[in-house]
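A look at the structure
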Amino acid sequence: MREEVPIGAIILDGSGQIIARAGNRTEELADPTAHAEMEVIRQACAIRGEPRLPDCSLYVTLEPCPMCATAISFARIQRLYYAAPDPKGGGVEHGPRIFHQPTCHHKPELYPGIGEDEAAELLRTFFQARR
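Residues numbered from 1 in each chain as written. Predicted model: local features only at pLDDT ≥ 70, side-chain atom pairs only at ≥ 80, totals over all residues. Heavy atoms only, no water.

**Things to note about the side chain of Ser73**
With respect to the element layout, Ser73 can be found in helix H3 (residues 66-74). Residue Ser73 is classed as buried on the basis of its relative accessible area, which comes to 2%. Those residues in contact with Ser73, other than ones at most four positions away along the chain, are Phe99, Cys104, His105 and His106. (Helix = DSSP H or I, 4+ residues; strand = E, 2+ residues; numbered from the N terminus. Buried < 20%, exposed > 50% of the residue type's maximum accessible area, 1.4 Å probe, protein only. Contact = heavy atoms within 4.5 Å.)

Rendered as structure tokens:
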């Protein structure tokens, strides 16, 4: 079995309590949609019994891809914090820039670069070991 890319995510409620945490599970589940962000959003919505998380903050180690950025918008997450940018696969500041599209349902407050150096080093080390 191949190792998962080390990307993790947590969702905090309005009082700052962690309500869900997840990591990538695409390899484990053989599911291309099992990104950390998708998994943590599913968990938080299930815990709350609601399809939207308007008072919540999502923290993730890598800039969300376009699929995850769209899910963040649909979930109405209030704030998005992410560590490392992803020029190749990102969908927030790179690529399609989902939150800047006129068809975007909701744009969260964005806080990029939180813990960027540590997250970038973790990902660099992971990918170098596979080359």
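**Re the packing of aromatic side chains**
Under the criterion given, the structure shown has three aromatic pairs. Note on Tyr59 and Tyr81: the rings are 4.2 Å apart at their centroids and 0° apart in plane angle, and the pair reads as stacked. Residue Tyr59 is located in strand E3 (residues 57-62), and its partner Tyr81 is located in strand E4 (residues 79-84); the two are separated by 22 residues in the primary sequence. The buried category is assigned to Tyr81, whose relative accessible area is 16%. (Phe/Tyr/Trp six-rings, centres within 6.5 Å; stacked < 30°, edge-to-face > 60°.)

**Section: the pattern of salt bridges**
All told, the structure shown has seven salt bridges when counted by the stated rule. When the shortest N-O distance is used, the salt bridge between Arg2 and Glu27 registers 2.8 Å. Separated by 25 residues along the polypeptide, Arg2 in the segment before strand E1 (8-12) and Glu27 in helix H1 (residues 26-29) bring together distant segments of the chain. Where Asp55 meets Arg48, a salt bridge forms, and the shortest distance between an N and an O atom there is 2.7 Å. Among the residues examined, Arg48 registers a relative accessible area of 31% and is labelled partly exposed. Residues participating in the shared-partner salt-bridge network are Arg25, Glu28, Glu39 and Arg42. (Salt bridge = Lys/Arg side-chain N within 4 Å of Asp/Glu carboxyl O.)

Any functional reading would require information beyond the geometric quantities listed.
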